[in-house]
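Tertiary structure, described
Residues per chain are reported as follows:
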Amino acid sequence: MLKYIIVIPALFLFVNISAQSPAQYDWDTTRERYVLSVVEEQLPEIILKEHEEYLYTFEKDQFVLYNIYHRIARLNNDEAIQRHNRITIPMNRTFELVEIKARTINLNGNVINFDKKNLKEVQQNNGEGGSRLFAMEGVIIGSEVEYYYIRKMTPSLQESNYLQMDVPIKSLSFVVKCPKHLEFDFKSYNGLANIKTEETEKENIYSLVMNNIPASREEEFAFANAKKMRLEYKLAYNTAKSKARINTWDDAGKRFYSLIYSIEKDAQKTVERYVKELNDNPSDPLTKRIRRIERKIKTSVRIDTKGSGDALDNVESIIEYKVASPQGMVRLMANVFEVLNIRAQVVLTCSREYAAFDGDFDTFNYLDDYILFFPETSQFLSPYNLSLSYPIIDSEFTAQHGLFIEPVSIGSLNSAIASVREIAAVPYSFNTDNLFINVKFSDDLEENRVDLKREFSGYNSSYIASNYHLMTDEQKLLMVDELLKQTAPGLTINDWKGVVDVEGDVDQFILNVNFTSSHFIERAGQRLLFKVGLLIGPQSELYNEDERVNPVENDYNRGYDRVIKVQVPAGYRVKNPEDLDKSVLYKDGDSVPYSFVSAVESEGQMLTITIKEYYKEIYAPLDRYEDYRKVINAAADFNKVTLVLEKK
Amino acid sequence: MVSLKTSSVFVVIAMNCIVHSIFGQSSSLDQVRERYPDEGVIYLERTKTLMLDVVNDSLKAYADFYEDLLHLKGQTGNYTKNKVYGSSFVKVDNIKARTLVWEKNKYRTVPVTDLTRNDEQSDNVFYDDSYYYTFNYPSVASGNRTVLEYREVQKDPRMISGFLVSSYAPQVRATFRIKTTEDVDLYYRVLNDPGNRVQFNKIRRGKSVTYEWSVEDVPSMKIEPGSPDIRFYEPHIICYVRSYLAGGKKIEVLPDVRALHTWYRSFIRDLDEEPSEELAKVVGTIKANSTNDLAIVQGVYQWVQSNINYIAFEDGMRGYVPHRPSYTCEKKYGDCKDMASIIVGMLKIAGIKGYYTWIGTRNKPYRYTEYPTPYVDDHMIATYIASDGRYYFLDATSKYLPFGFPSSMIQSKEALISFDDDNFEVKEVPIISGDENLITDSLTIRLENDEVVGTGSITLAGLSKSQAGWNLERVEQKDVKDFVIRIAGKGSNKFYLDNYTISRPSAENGNTEIAYNFRIGDYFQRYADELYINLNLSKENYNRLISDATRKTPHEFEFQYDKSEYIEFTIPEGYEVEYLPKNEIVNGLLTGCSFRYEVLENKILFSKQFYVHYILLNPEQFSAWNSEIGKISSAYKEAIILKKKNQ
């Protein structure tokens, strides 16, 4: 989102070289259909060719990029056709679509060429963005669809390309060419081949060829994209100017510092005035101050992620009109905290869903999103995710590294030092979903009366905590109904109360409900079968289908404490209370990062079940996957516990 | 998935120009807060004023919208951004938006200055020439108001739209006006207003006439999971112009279905062609393999289903005018109109009459006879009438639909079947009965250690087969497997699908069959010498009661279906039956189920016949539904007891 905020500096001026001719590219006009192996022929879809080129060149002193994209796919079923018969060419940063060719080659060798007059244009943002669209023509089962296009674009100084797909790729090639005085650096991830460098008289040529790339795999507790083969590259040197590396972490630190903190003098005064509206009390504990300021700002300023225009970035305008871009919100908050003398550092990172931040490769592609770090508490704040509040930030930015920008003052000069550090995930105790349940049976033993208290905190409470005050009573009831229906379809709510608590160290939503339900009782002749395990709500089983390929990656740490008290009907006894004792521990040396333990105690007609379940660490290694799965499945197993009640 | 261009009939919202806002003082603000203590925003005014002017010989139509929204809670995120839509048929003009900021006991106006224009993009329509302007209101806060005015200029007076009374926020007052003259013959009607809350006035001033509908204190519209389109239950006003007088001459606009049909015929006038070699060859092959006309129709329909991929382009009149058959044949893609056109064209090559047919999907509540306008339909199919008089509604956009079935989305709808320029028929498409959409699941199960182990075979017919179709044609096998688990899964979340095979239907046998092996963990209980097992491995709609405290709108279901389940359970060695549940029959109008248990040597045979027989369930039917579901759920609770034999 933020990659392009760094304006291309005048790196390329005064380098007088003759203009290269624009990209020359064509396909094999007379080619036959691919000859495939039996296995390949049977795949629903296979990418036969995936080729991409980035050609950096100068045209009349203008630095431009030609991007060539060429794909051939064999389509063997309906979904494969659906995925490839509608082509969208993104036109952001694009001056011109220089060329587009597309054709379909069918089983009988018939070639249907795309008619360019059917190319459509879609404009976005007053014509600043948009795309070109077309439908592949003549596609049927067994078709090979082929297309390539060339776009003339504003060059970017870094690119990130996933070079693995959810279907196999038979042949992959990737090329970057640039004038001799520019040098790019590359890094391959997740098993992708390395780039080979070749120098000609006028150009640096970087290329990569790889065959038979397997399909990527979607797995639970793993982010598929982050595990795909990926190529990162960046412009690292402009030897015409200097031998020093460019666009380093340090450069990033200084530029982002200036971007966030340089505001006009008038704006400074406006911020100072605005701060007075925020009711800060400097004698309060720091956590309380930060949370209150954040809440004040987030409940009055709206975020516009799609809007354009400087006003959304301008602090004065944001304070006046209460609409901000994400970056505008960071500027507002950073300057507010500065005025209040609350030390905060801007941190830039990217989602774990996209990639693990690699501190060893200084590409701005990793600087996708902002968070704020408070060194005195070592906690973070998400400035423009309005449903989260300190110290809870978007989980995909945690258990990840980031670029921390620490302001420094040398005399009257303000600047910043950048360093790559870890953004720790918050502990499991911050993200709870606790349950306290009392169950009784009706006199006719047809239904249960249940008192249920559910405590959500952290990530589990964030949506409700941030929206509850905006909901009408009707919407609140609907939400509670939806929540409980998952546990007991067809229940009758007798009474309920919901409370959002934002005064503590982390947001909480506490729900108290009294309901009646027949859902937990089944019968076998004179026996009552009490489905006590269903009271904790549906838990999903983690199946072990194919061999696991990725280590375990959790969204966030979390804990579940549950206490269920069952009043066994008079005259009945439970035949199998021991079924409630379960203990599944994942041990790692002396520590137990994942655990599910349930235990039962009986006193008179009262059965007390205590369950402690938690996930204390984000990552677990691949070779411990089975152990992790057992803990996850312990909750699903608990769902199946059925108590048999028989007359004494 | 459907594509005739009648997009947003009632583009949300509101109103006229010079209505004085009904308050401007803090005391009134308090009153409103008191009246709506719970709401984040309310409309003080929402007005649409439709002008119908006869200019020279033609009828000019345009509408002015006005909306005035008061914010009552701090940050009302969703309401601070707004959109105004236009298309090649409705030009949007003169957008004026502003925030009224409450300061020092009066309102200060802050205008919206940045409008962003975007072309519309949606999942269903690949290319759409409609567009929207989007903008942010500045300084939105409690007590402030956001005001929007704009004009819609209608290119064709046959496409004038009515007014949806309710909106996403409650309204102090909503008003719809039509300003015109006595020369314009107007039809109008209020729908879904059982309490007669919509007040109507007709005001004459000289030759000019103003029709005005207004409602005070309008609650926000309700949209709930499974609700049909809001026009099925929310109050709204429909209108159209029958004709007008210009220079003493009566000029027809849309007086009746006949006029609508005549207009529609102009869209398909130029589709006749000399067929391409390829198309002629395809039809030739189908004909050669068919023994009678019906077989040819089936062949043509199925060829289009499997060879023409659905892609929709909404581009000006292309939203109404189909491509020629040979064009679609060459491109191998098209929208509903193109598929209708190629079917009619191919039948013509084969010497068989097929008819262009316009139809509304179940998103549209209207009938041609009542409201003969383009708002009735949003879809096109072909119709074939067999020699025995049976109608075949050929909707090739449903790729996996068995021949002879209408697609689920046109059941119960009126089809406008066009025979030629002058002749047509309005015919209702039937609702397919549940037994034609039968799902059967036959199981053989036994107990092994702690698991139920078994084999099963599922057969899907009719619309059940159609619905499953896409899910079985996926690129990733995992997606197919997940779907099989979804329909074959039973017992609990410890259902393991070991393997499965899918038999896809051939032309002769239209049903899909799935054979599978499975296990279910921890499903039964064994204590001392007793064993309990509930043979209701799948409990359709178990306890799915509809709470009339929370549910206000009808519930729509894609199609009626029956489901038969047969289980042959081998009694484990050394056990005998101690208790067998009673047989039960719940025979409801909307849903029902029969349960039959039988012991046969060392086996228990259990058969269950379940059905859902509605496609639209209205709130007044909820209690009947709940009573039927209650009885079924109670029968689901019964487990069998097996006991160890005395040695």
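Residues numbered from 1 in each chain as written. Chains lettered and ligands numbered in written order. Predicted model: local features only at pLDDT ≥ 70, side-chain atom pairs only at ≥ 80, totals over all residues. Heavy atoms only, no water.

This part covers the overall build of chain B. Broken down by element type, chain B carries nine helices and 38 strands. On the principal axes, the C-alpha backbone points of chain B span a range of 100 × 70 × 40 Å. Per-residue burial for chain B yields a buried fraction of 59% across its 647 residues. When contacts within chain B are restricted to residue pairs at least 6 apart in sequence, those whose partners lie at least 24 apart make up 73%. For chain B, the exposed surface amounts to about 26700 Å²; the carbon and sulfur share of it is 46%. If the 78 positive side-chain charges of chain B are averaged to one point and the 88 negative ones to another, these points end up 4 Å apart. (Helix = DSSP H or I, 4+ residues; strand = E, 2+ residues; numbered from the N terminus. Buried < 20%, exposed > 50% of the residue type's maximum accessible area, 1.4 Å probe, protein only. Contact = heavy atoms within 4.5 Å. Areas by Shrake-Rupley, 256 points an atom, 1.4 Å probe, with all protein chains shown as cover. Lys, Arg positive; Asp, Glu negative; His and termini not counted. Charge placed at Lys NZ, Arg CZ, Asp CG, Glu CD.)

Within chain A one finds 11 helices and 35 strands. Within chain A, contacts between residues at least 6 apart in sequence are counted, and of these 72% link residues at least 24 apart. For chain A, the accessible surface area stands at approximately 27700 Å², while carbon and sulfur atoms represent 47% of it. Side chains of chain A carry 78 positive and 97 negative charges; the gap between the two charge centres is 1 Å.

Looking now at the packing of helix α5 (residues 265–276) of chain A against helix α8 (residues 326–339) of chain A. Residues and elements named next belong to chain A. Their axes nearest at 10 Å, the elements α5 and α8 cross at an angle of 75°. Classified by the interaxial angle, the pair formed by α5 and α8 is roughly perpendicular. Judged by residue contacts, Gln-268, Val-271, Glu-272, Tyr-274 and Val-275 of α5 engage Leu-332, Asn-335, Val-336 and Val-339 from α8. Its residues assigned to classes, the contact of α5 with α8 comprises six nonpolar, two polar and one charged. (Axes fitted to C-alpha atoms, helices over the stretch in contact; angles between N-to-C directions. Parallel < 35°, antiparallel > 145°, perpendicular 65-115°, else oblique. Nonpolar A, V, L, I, M, F, W, Y, C, P; charged D, E, K, R; others polar.)

Many analyses report the size of an interface as the accessible area lost when the parts associate. Each partner contributes to the interface: chain A provides 81 residues, whereas chain B provides 68 residues. Carbon and sulfur atoms supply 48% of the area that chain A and chain B bury against each other, a total of about 6300 Å² over both sides. The largest share of the area that chain A buries against chain B comes from A:Glu79, A:Arg302 and A:Lys640, three residues that together contribute 10% of it. Our enumeration of links across chain A and chain B arrives at 10 salt bridges. Between A:Asp637 and B:Lys494 there is a salt bridge, and its shortest N-O distance comes to 2.5 Å. (Buried area = accessible area lost by both parts, 1.4 Å probe. Salt bridge = Lys/Arg side-chain N within 4 Å of Asp/Glu carboxyl O.)

Turning our attention to the pattern of salt bridges. Residue and element names in this part refer to chain A. By the definition in use, this model includes 90 salt bridges over all chains. Lys-485 serves as the salt-bridge partner of Asp-481, at 3.7 Å between the closest nitrogen and oxygen. Linking Asp-481 with Lys-485, this pair stays in helix α10 (residues 473–485), spanning four residues, or about one helical turn. The class of Asp-481 is buried, set by a relative accessible area of 7%.

So, about helix α6 (residues 286–298) of chain A. Helical geometry note: an α-helix holds 3.6 residues per turn, so side chains three or four residues apart project in the same direction. Residues and elements named next belong to chain A. Taking 1.5 Å per residue as the helical rise, α6 with its 13 residues ought to reach 18 Å, and the 18 Å between its terminal C-alpha atoms agrees with that figure. Turning to α6, its buried residues number three or more, namely Arg-289, Ile-290, Arg-291, Ile-293, Glu-294, Ile-297 and Lys-298. Looking at the buried side of α6, the elements it contacts are α5, α8, β18 (369–374) and β19 (379–381). (Expected span 1.5 Å × (residues − 1).)

Here chain A averages 93 in pLDDT, while 96% of its residues score no lower than 70. Low pLDDT (under 50) marks residues 1–20 of chain A, which in the prediction has 52 contacts with non-local residues, meaning those over four places away or in another chain. (pLDDT = per-residue confidence, 0-100.)

Turning our eyes to something else, we now look at the nonpolar core. Formed by 114 residues in total, the largest nonpolar core has its most connected members in B:Met346 and B:Ile533. For this core, the leading source of residues is helix α6 (residues 336–349) of chain B, giving eight residues. Setting aside residues up to four positions removed in sequence, B:Met346 forms contacts with B:Leu279, B:Val282, B:Val283, B:Ile286, B:Val300, B:Trp303 and B:Val304. With 56 residues, the next largest nonpolar core counts A:Ile437, A:Tyr594, A:Ile611 and A:Phe638 among its residues. (Core = buried A, V, L, I, M, F, W, Y, C linked by side-chain atoms within 4.5 Å.)

Further remarks concern helix α2 (residues 257–265) of chain B. Residues and elements named next belong to chain B. Taken across its nine residues, α2 has seven buried, putting it largely inside the fold. Among the residues of α2, Val-257, Ala-259, Leu-260, His-261, Trp-263, Tyr-264 and Arg-265 are the ones counted as buried. Each element contacted by the buried residues of α2 is listed here: β20 (355–359), β23 (414–418) and β24 (424–428).

All names here are of chain A. What the five strands build is an open sheet, ordered β19-β18-β17-β20-β21; its pairing is antiparallel. For this open sheet the edge positions go to β19 and β21 (413–423), each flanked by a neighbour on one side alone. Adjacent strand axes in the sheet meet at a mean angle of 35° when their direction is disregarded. Pairing of strand β17 (residues 345–349) with β18, which is carried by five bridges, proceeds in the antiparallel orientation. Across the sheet, residue Gln-345 finds its bridge partner in β18, namely Phe-373. Sheet contacts for helix α4 (residues 249–261): β17, β18, β20 (400–410) and β21; angle to β21, the most-contacted strand, approximately 115°. (Pairing = 2+ DSSP bridges.)

As a further point, take unusual backbone geometry. Outside of glycine, negative phi angles account for most residues, and trans bonds account for most peptide bonds. Here the bond from A:Tyr390 into A:Pro391 is cis, since omega is 5°, no more than 30 degrees from zero. Mapped onto the elements of the fold, A:Pro391 is located in the loop between β19 and β20. The phi dihedral of A:Leu445 falls on the positive side, at around 60°, and the residue is not glycine. Counting through the fold element by element, A:Leu445 comes out in the loop between β22 (433–441) and β23 (448–457). Classification of A:Leu445 as buried rests on a relative accessible area of 13%. Here B:Lys104, not a glycine, exhibits a phi torsion of approximately 45°, which is positive. With respect to the helices and strands, the residue B:Lys104 is situated in the loop between β4 (90–103) and β5 (106–111).

Attention now moves to the sheet that holds strand β3 (residues 86–90) of chain A. Residues and elements named next belong to chain A. In spatial order, the strands read β3-β7-β6; together these three strands make up an open sheet with antiparallel pairing. At either margin of the open sheet sits one strand with a lone partner, and together these are β3 and β6 (120–124). Adjacent strand axes in the sheet meet at a mean angle of 25° when their direction is disregarded. In this sheet, strand β7 (residues 129–135) lies alongside β6 in antiparallel orientation, the contact comprising five bridges.

Moving on to the environment of B:Ala340. By the element assignment, B:Ala340 lies in helix α6. If we skip the residues at most four places from it in the chain, B:Ala340 touches B:Tyr356, B:Met380, B:Ile381 and B:Ala382.

Take the domain arrangement of chain B next. All names here are of chain B. Each assigned domain of chain B is listed here: domain 1 (4–252), domain 2 (259–428) and domain 3 (434–644). One C-alpha centre belongs to domain 1, the other to domain 3; they are set 48 Å apart. In this complex, domain 1 contributes eight residues to the contact, which on the side of domain 3 involves eight residues. Summed over both sides, the interface between domain 1 and domain 3 buries roughly 650 Å², with carbon and sulfur atoms accounting for 58% of that surface. Contact with domain 3 buries surface across domain 1, with Glu-224, Gly-226 and Pro-228 losing the most and accounting together for 59% of the total. Between Glu-224 and Arg-551 there is a salt bridge, with its nearest N and O atoms 3.8 Å apart. (Domains from an automatic or database assignment.)

Turning next to the packing of aromatic side chains. All names here are of chain B. Scanning the model with the defined rule gives 81 aromatic pairs over all chains in all. Measuring from centroid to centroid gives 4.9 Å for Tyr-264 and Trp-358, while their planes differ by 40°, and the two rings are tilted. Here Tyr-264 is found in helix α2, whereas its partner Trp-358 is found in strand β20, with 94 residues between them in sequence. Since its relative accessible area comes to 1%, Trp-358 is described here as buried. (Phe/Tyr/Trp six-rings, centres within 6.5 Å; stacked < 30°, edge-to-face > 60°.)

Let us look at the pairing of strand β10 (residues 169–179) of chain A. The side chains of a regular strand alternate, first on one face of the sheet and then on the other. All names here are of chain A. Within β10, eight of the 11 residues are buried, which leaves it mostly tucked inside the rest of the structure. In terms of strand pairing, strand β1 (residues 45–59) meets β10 through seven bridges, oriented parallel. Residue pairing across strands places Ile-47 opposite Ile-169, the latter belonging to β10.

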